[in-house]
Amino acid sequence: MARLILNCEEVGLVMRKLSRDIIMTGRGQLNEMVIHHPTVSAQHAVLLRTGDSYSLKDSNSTNGTEINGDFASDVELKDGDTVRFGRHSGFSVGGYRKPCSSHGIRKLCMRIQGKGHSRLREHR
C-alpha cells in the first residue's frame, strides 16, 4: 500500500496510508488528507490512483506544489519523491506487495529528519 509521510510542524512525522482512488488534500476540513498550515490552500491538490501508484494534480493552489524541488501541476509519484505542499513537506513511499517493517519506515524517517531518532504517528 502506498504511503505519504508528512513532516508536520508541532507534531513531527505523520504517515498517511493512501488507500482511496481519489484523495483530496488541503487545509479545508472536508479533505481526506487535511494539512493544517497557512501556506497550504483549502483545496491544495488531488492524489489519483493509477494502477499501483498515484498521480498528484495541483488544484491551482496559491503557493503551489513541488515534486523533488520543481513546481508541478500534474505528475506521477514515485517511491522516494519529495512532495511540498506550500511550505509543508512530505515524502512518497511507494506501494508494497508485502508489508514493510516499521524498522524500515523509521530508518526512512530518520533520514528525512536528519536526526538520530524519530517519532512517527500513523493516520489512516
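The preceding data block contains the structure.
Residues numbered from 1 in each chain as written. Predicted model: local features only at pLDDT ≥ 70, side-chain atom pairs only at ≥ 80, totals over all residues. Heavy atoms only, no water.

**Regarding the sheet that holds strand β9 (residues 74–76)**
- The mixed open sheet is built from 5 strands, whose spatial order is β4-β3-β5-β6-β9. Lying at the two open borders of the sheet, with one neighbouring strand each, are β4 (33–34) and β9.
- Inspection of the sheet shows strand β3 (residues 22–26) paired to β4 by 2 bridges, in the parallel sense. Across the sheet, T25 pairs through a bridge with M33, a residue of β4. (Pairing = 2+ DSSP bridges. Helix = DSSP H or I, 4+ residues; strand = E, 2+ residues; numbered from the N terminus.)

**Some points on the pattern of salt bridges**
- Evaluation of the coordinates by the stated rule reveals 3 salt bridges.
- For D21, the salt bridge is made with R49, and the minimal N-O distance between the two is 2.7 Å. Linking D21 in the loop between β2 (12–18) and β3 with R49 in strand β5 (residues 45–50), this pair joins segments that are 28 residues apart in sequence.
- Taking the relative accessible area as the measure of exposure, R49 reaches 32% and is therefore partly exposed.
- A salt bridge links D74 to K57; the nearest nitrogen and oxygen atoms lie 2.8 Å apart. Here the residue D74 occupies a position in strand β9, and K57 occupies one in strand β6 (residues 53–58), the gap between them amounting to 17 residues.
- Looking at D74, the relative accessible area reads 46%, which means it is partly exposed. (Salt bridge = Lys/Arg side-chain N within 4 Å of Asp/Glu carboxyl O. Buried < 20%, exposed > 50% of the residue type's maximum accessible area, 1.4 Å probe, protein only.)

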